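Architecture and fold: a report
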Amino acid sequence: MADPAPPRNRKPVSRRDALRATGAASLGLLVGGTANPASALADGPRAPGRSARRSANAITQSVARWCFEEIPLVPFCRGVADMGLTAMDLLTVEEWPVAHDHGLTVSCGDVAAGTIEDGLNETKNHAGIIEAFERHIPHAARVSVPNVICFFGNRRGMENGVGIENSIRCLEACAPIAESEGVTILVEVLNSKPGGHVDYIGDRMDYALEVIRAVDSPRVKILYDVYHMQIMEGDIIRTLTDASPWIGHYHTGGVPGRAEIDDTQELNYPPIVRAIADTGFEGFMAHEFIPRSGDPLRSLREAVELCAV
């Protein structure tokens, strides 16, 4: 299904296009290449691939496809599985069978339920978001895709209270669809500073928590992006610990620049991962960084090893 109709003279922006642009601006590089989606739908993932070496309380790691689009999808799935990862994030519905064919779970599916710019806060987007979930959540359940994504949308002068009430209304209509199928709707928090998603209304956890607590569904959760929230708020470990009942998924990324999560950036991921594990979290943490090295798979492997604590 296509995204809901955008405002006149405004081109809809997909997540991967928007994030590629902002990440590239921060790093001074462009990520090229094209994915190779399969045309047929699969019945679900095969047996999981080899497990990466990890401790008993380790978080299940995944990887965001869009950050590695310079590698065609089939070889990327093969490389991801070979390094022991069992999941991949932010694949479109058409791409799900390719991941499944390589024994990978689609940890968060992109079902075109709105866009970063045109999201839950605008009532004109609600019909399209609801229809996308009605169409794709039952299929996600059939093929074992546990989560699907949507966004709060751009502010465009809107007061927080209006955006919060509109988002609650839409998610209350979507929650029964997700609950009936056992699939979780994730709403992502993003930074709104220059170089990020300027004007995004859901740029702080207080905003997201007010919405998600009011909806009060076990199948509507926050996608807590560590990279974005470090830029907006910091205080990562205390925040994710306090908000853990309402968080359903995590994304990583190096700050500054959304680069590798190594010792060149300000976040220290091993204690963050341990804090997530200490909350009893049983979902996925997907790596969403743009590799700067000439060997993207090596960068990913190093990130996986760093977070297997």
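Located above this text is the structure these notes cover.
Description of the structure in this document. (Residues numbered from 1 in each chain as written. Predicted model: local features only at pLDDT ≥ 70, side-chain atom pairs only at ≥ 80, totals over all residues. Heavy atoms only, no water.)

Of all hydrophobic cores here, the largest spans 94 residues; its most connected members are Phe-133, Phe-152, Leu-171 and Tyr-224. Looking at this core element by element, the count peaks at eight residues for helix α5 (residues 160–181). If we ignore the near neighbours within four places in the chain, the residues touching Tyr-224 are Val-189, Met-205, Met-229, Ile-236, Thr-239, Leu-240, Ile-247, His-249, Tyr-250 and His-251. (Core = buried A, V, L, I, M, F, W, Y, C linked by side-chain atoms within 4.5 Å. Buried < 20%, exposed > 50% of the residue type's maximum accessible area, 1.4 Å probe, protein only. Helix = DSSP H or I, 4+ residues; strand = E, 2+ residues; numbered from the N terminus. Contact = heavy atoms within 4.5 Å.)

By the bridge criterion, five bridges tie strand β2 (residues 87–92) to strand β3 (residues 105–110) in an arrangement that is parallel. Residue pairing across strands places Leu-91 opposite Gly-109, the latter belonging to β3. The handedness of the β2 to β3 crossover, carried by helix α3 (residues 96–101), is right-handed. (Pairing = 2+ DSSP bridges. Right-handed = clockwise from strand over helix to strand, strands pointing away.)

Next up on the list: the packing of aromatic side chains. Considering all chains together, one arrives at five aromatic pairs under this definition. Taken together through their ring pairs, the aromatic side chains of Phe-68, Phe-76 and Phe-289 make up a single cluster. The ring of Trp-246 has Arg-213 sitting right over it, with the charged end atom 4.4 Å from the ring centre. (Phe/Tyr/Trp six-rings, centres within 6.5 Å; stacked < 30°, edge-to-face > 60°. Lys NZ or Arg CZ within 6 Å of the ring centre and 35° of its normal.)

Let us now look at helix α2 (residues 73–82). Since there are 3.6 residues in each turn of an α-helix, residues three or four apart along the chain are aligned in direction. Buried within α2 are the following residues: Leu-73, Phe-76, Cys-77, Gly-79, Val-80 and Ala-81. Summarising the contacts, the buried residues of α2 are in contact with β1 (60–63), β2, α3 and α10 (296–307). Once α2 ends, the next one or two residues include Gly-84, with phi positive near 100 degrees.

Time to look at the environment of Ala-178. Along the chain, Ala-178 falls in helix α5. You can call Ala-178 buried: its relative accessible area is 0%. Each C-alpha atom of the pair Ala-178 and Val-220 lies 7.8 Å from the other, and the pair is 42 residues apart in sequence. If sequence neighbours within four positions are ignored, Ala-178 has contacts with Ile-137, Val-183, Ile-185 and Arg-219.

Moving on to the side chain of Gln-230. Structurally, the position occupied by Gln-230 is in helix α7 (residues 226–232). Taking relative accessible area as the criterion, Gln-230 reaches 19% and is therefore assigned buried.

A few words on the packing of α5 against helix α6 (residues 205–215). Working note: a packed helix pair is described by the angle between its axes plus the distance between those axes. Between α5 and α6, the least distance of the axes is 9 Å, while the angle of their chain directions is 35 degrees. The chirality of how α5 crosses α6 is right-handed. Facing α5, whose interface residues are Asn-160, Gly-163, Ile-164, Ser-167, Ile-168, Leu-171, Glu-172 and Ala-175, α6 presents Tyr-207, Glu-210, Val-211, Ile-212, Ala-214 and Val-215. Taken together, the residues that form the contact of α5 with α6 break down as nine nonpolar, three polar and two charged. (Axes fitted to C-alpha atoms, helices over the stretch in contact; angles between N-to-C directions. Left-handed = near helix turned anticlockwise from the far one by under 90°. Nonpolar A, V, L, I, M, F, W, Y, C, P; charged D, E, K, R; others polar.)

Okay, the environment of Ile-212 next. In this structure, Ile-212 sits in helix α6. On the accessibility criterion, Ile-212 (1% relative accessible area) is buried. Between the C-alpha atom of Ile-212 and that of Trp-246, which follows or precedes it by 34 residues, the distance is 6.9 Å. The residues touching Ile-212, leaving out its near neighbours within four places in the chain, are Leu-171, Val-187, Val-220, Lys-221, Ile-222 and Trp-246.

As far as function goes, none of this settles anything; it's purely spatial.
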